[in-house]
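Here is how the chains run, residue by residue.
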Amino acid sequence: MPRLIITHIKHSELVIHPVRLKTLFHGQRSQPVSLGALSRGVPDPCQDPRAARAARGKLCIPTWALPAQHPVWLGYAVQELSLATPGLAGCSQALSSLSWFFQASKKLVAATGQQCLPVSMDVRQPQSIAAAVDEALQEFKRIDILINGAAGNFLCPASALSFNAFKTVIDIDTMGTFNTSKVLFEKYFRDHGGIIVNITATLSYRGQALQVHAGAAKAAIEAMTRHLAVEWGPNKIRVNSLAPGPISGTEGFRRLGGKFAEQSKQFSAIPLQRAGNKTEIAHSALFLASPLSSYVTGTTLVVDGGSWLTSPNSFSALLGIASSSSAKL
Ligand SMILES: CC/C=C\C/C=C\C/C=C\C/C=C\C/C=C\C/C=C\C=C\C(=O)SCCNC(=O)CCNC(=O)[C@H](O)C(C)(C)COP(=O)(O)OP(=O)(O)OC[C@H]1O[C@@H](n2cnc3c(N)ncnc32)[C@H](O)[C@@H]1OP(=O)(O)O
Ligand SMILES: NC(=O)C1=CN([C@@H]2O[C@H](COP(=O)(O)OP(=O)(O)OC[C@H]3O[C@@H](n4cnc5c(N)ncnc54)[C@H](OP(=O)(O)O)[C@@H]3O)[C@@H](O)[C@H]2O)C=CC1
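All figures in this text were calculated on a predicted structure; none of them were measured in a lab. (Residues numbered from 1 in each chain as written. Chains lettered and ligands numbered in written order. Predicted model: local features only at pLDDT ≥ 70, side-chain atom pairs only at ≥ 80, totals over all residues. Heavy atoms only, no water.)

(A) Here's a closer look at the overall build of the chain. When helices and strands are counted, the chain shows 11 helices and eight strands. Split into buried and exposed, the 329 residues of the chain put 55% on the buried side. Considering only residue pairs separated by 6 or more positions, the chain has 74% of its internal contacts joining residues 24 or more positions apart. When the accessible surface of the chain is split by element, carbon and sulfur atoms take 57% of a total near 13600 Å². (Helix = DSSP H or I, 4+ residues; strand = E, 2+ residues; numbered from the N terminus. Buried < 20%, exposed > 50% of the residue type's maximum accessible area, 1.4 Å probe, protein only. Contact = heavy atoms within 4.5 Å. Areas by Shrake-Rupley, 256 points an atom, 1.4 Å probe, with all protein chains shown as cover.)

This is the structure we're talking about:
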């Protein structure tokens, strides 16, 4: 049985449960698609229904969580998509925070009839990752996909950023991505192959003001993506990054002044003239996690409507956003 696990979690739970991906992109109901089939060298289920049956049983651990105060997040979009898309019924993910984990897992069970497993991890603590992975493997016997999405961010000029603030973001984003990837490699991917999708950002491409901490952290993850793709390719592991632009309805959007940018018409500078939405990130993540991207590794998929090419990068404007109430933590 195919399984998709999406995790992460600082201080609470992770929900893991099975996923059955059918006809995700091709609309061919008779030819189910299972995540990660080609990554382990099995025939492409898009082409071969027998292979699809054989490929069932995938697990995915994305490091995305659902904050208690915010009912929406990028990782959650994958779950929303899974519930809304024919053929994705049964797909869900890991959720963090005590209250939302219970609510979301109930919703998933009700909608899919599939199993959900709550576990917890702090991506800065390899031992907590190892414990979560052990629990997942004990329950499902396999893990196929890791989505590294845990992150910390806030607007702050470098001159005001403390040494510890910089380190904190590097620890969550960069170290967290390495820690989780390495634990998965050692415990399962080395011998079975797998797929890793790292969620990054476009911040470093033009040196975004007030974002040296997050930009440096995400740039390091994109470098890590290439290194690991090269080293782990022979183990049938694909490693890619996904760099979203401003995505409405998310914590990042709130913290970085998305509302203010929207109100002041800043998004009209984006070639597609709007912020992105969570479903668009979910589609892109699923592309990178599916056999449709079976020959793609070591690259970054930018999903930003062309934003980084054209959006203003004004120090003073961003200082204004940082001091506005819309960007307060
Ligand atoms: C989305 C963009 C929308 C609009 C943009 C609008 C206009 C711009 C135009 C164009 C932009 C172009 C592109 C942008 C596109 C995309 C943006 C991309 C990136 C988004 C990335 C994200 O990651 S969003 C994720 C946000 N979610 C979280 O951060 C959740 C998790 N966060 C946390 O846990 C905390 O906030 C934490 C990161 C601080 C970590 O918590 P903890 O471990 O408990 O650490 P603390 O002890 O609290 O703090 C540690 C040190 O950090 C200092 N600190 C904390 N907060 C701040 C702050 N706000 N400012 C400065 N310093 C801070 C703290 O003081 C500690 O340091 P000490 O020296 O005091 O010890
Ligand atoms: N929103 C946007 O417009 C953009 C977002 N991104 C990226 O997308 C991803 C999701 O962002 P978004 O949904 O906005 O933000 P969220 O804050 O909702 O997601 C980040 C999650 O990381 C978790 N996390 C933080 N520290 C740790 C830790 N030590 N261990 C485990 N989990 C941890 C948080 O969990 P908890 O809730 O428990 O604190 C939080 O839920 C991030 O990687 C972000 O950098 C990139 C570009 C733009």
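(B) Region of the structure containing the pairing of strand β7 (residues 237-244). Counting buried residues in β7 gives eight out of eight residues, a clear majority hidden from the surface. The pairing of strand β6 (residues 194-199) with β7 spans six bridges and is parallel. Its bridge partner being in β7, Ile 196 is matched across the sheet by Val 239. One crossover worth recording links β6 to the parallel β7 by way of helix α6 (residues 212-232), and it is right-handed. (Pairing = 2+ DSSP bridges. Right-handed = clockwise from strand over helix to strand, strands pointing away.)

(C) Molecular detail of the pairing of β6. Of all six residues in β6, six are buried; the element is thus mostly enclosed. Judged by which residues are buried, β6 turns out to be covered on both faces: Gly 194, Ile 196 and Asn 198 on one side and Ile 195, Val 197 and Ile 199 on the other are all buried. Both strand β5 (residues 145-148) and β6 contribute to a ladder of four bridges, which runs parallel. Counterpart to Leu 146 in the pairing with β6 is Ile 196. For the crossover that starts at β5, traverses helix α5 (residues 163-192) and ends in the parallel β6, the hand is right-handed.

(D) Highlighting the pattern of salt bridges. Enumeration over the complete set of coordinates arrives at eight salt bridges. Put simply, Lys 218 and Asp 173 hold a salt bridge, and the shortest N to O gap is 3.8 Å. Highlighted residues: Lys 218 in helix α6 and Asp 173 in helix α5, separated in sequence by 45 residues. When its relative accessible area of 1% is taken as the criterion, Asp 173 is described as buried. Here Glu 251 makes a salt bridge to Arg 254, at a shortest N to O gap of 2.9 Å. Residue Glu 251 and its partner Arg 254 are located together in helix α7 (residues 251-255), separated by three residues, close to a single helical turn. For Arg 254, a relative accessible area of 29% gives the class partly exposed. Several salt bridges converge on common partners, so that one network encompasses Glu 251, Arg 254 and Arg 255. (Salt bridge = Lys/Arg side-chain N within 4 Å of Asp/Glu carboxyl O.)

(E) The environment of Val 123, seen in detail. Mapped onto the fold, Val 123 is located in the loop between β4 (117-119) and α4 (126-140). Sequence spacing of Val 123 and Asp 134 is 11 residues, and the spatial spacing of their C-alpha atoms is 15 Å.

(F) Here's a closer look at the packing of α4 against α5. Between α4 and α5, the shortest axis-to-axis distance is 9 Å and the interhelical angle comes to 45 degrees. By the angle between their axes, α4 is oblique relative to α5. Seen from above, α4 lies across α5 with right-handed handedness. Residue-level contacts link Pro 126, Ile 129, Ala 130, Val 133, Asp 134 and Leu 137 of α4 to Asn 179, Thr 180, Val 183, Leu 184, Lys 187 and Tyr 188 of α5. (Axes fitted to C-alpha atoms, helices over the stretch in contact; angles between N-to-C directions. Parallel < 35°, antiparallel > 145°, perpendicular 65-115°, else oblique. Left-handed = near helix turned anticlockwise from the far one by under 90°.)

(G) Seen up close, the packing of aromatic side chains. Counted under the stated rule, the structure contains three aromatic pairs. Between Phe 185 and Trp 232 the ring centres are 4.2 Å apart and the planes differ by 10 degrees, which places this aromatic pair in the stacked class. Of this pair, Phe 185 sits in helix α5 while Trp 232 sits in helix α6, and the two are 47 residues apart along the sequence. In this structure, Phe 185 and Trp 232 share a single accessibility class: buried. (Phe/Tyr/Trp six-rings, centres within 6.5 Å; stacked < 30°, edge-to-face > 60°.)

(H) Representation of the nonpolar core. Formed by 24 residues in total, the largest nonpolar core has its most connected members in Val 133, Ile 143, Phe 189, Ile 196 and Ile 237. Counting only elements with at least two residues in this core, the list comes to α4, α5, α6 and β7. (Core = buried A, V, L, I, M, F, W, Y, C linked by side-chain atoms within 4.5 Å.)

These results come straight from atomic positions and should not be treated as a statement about function.
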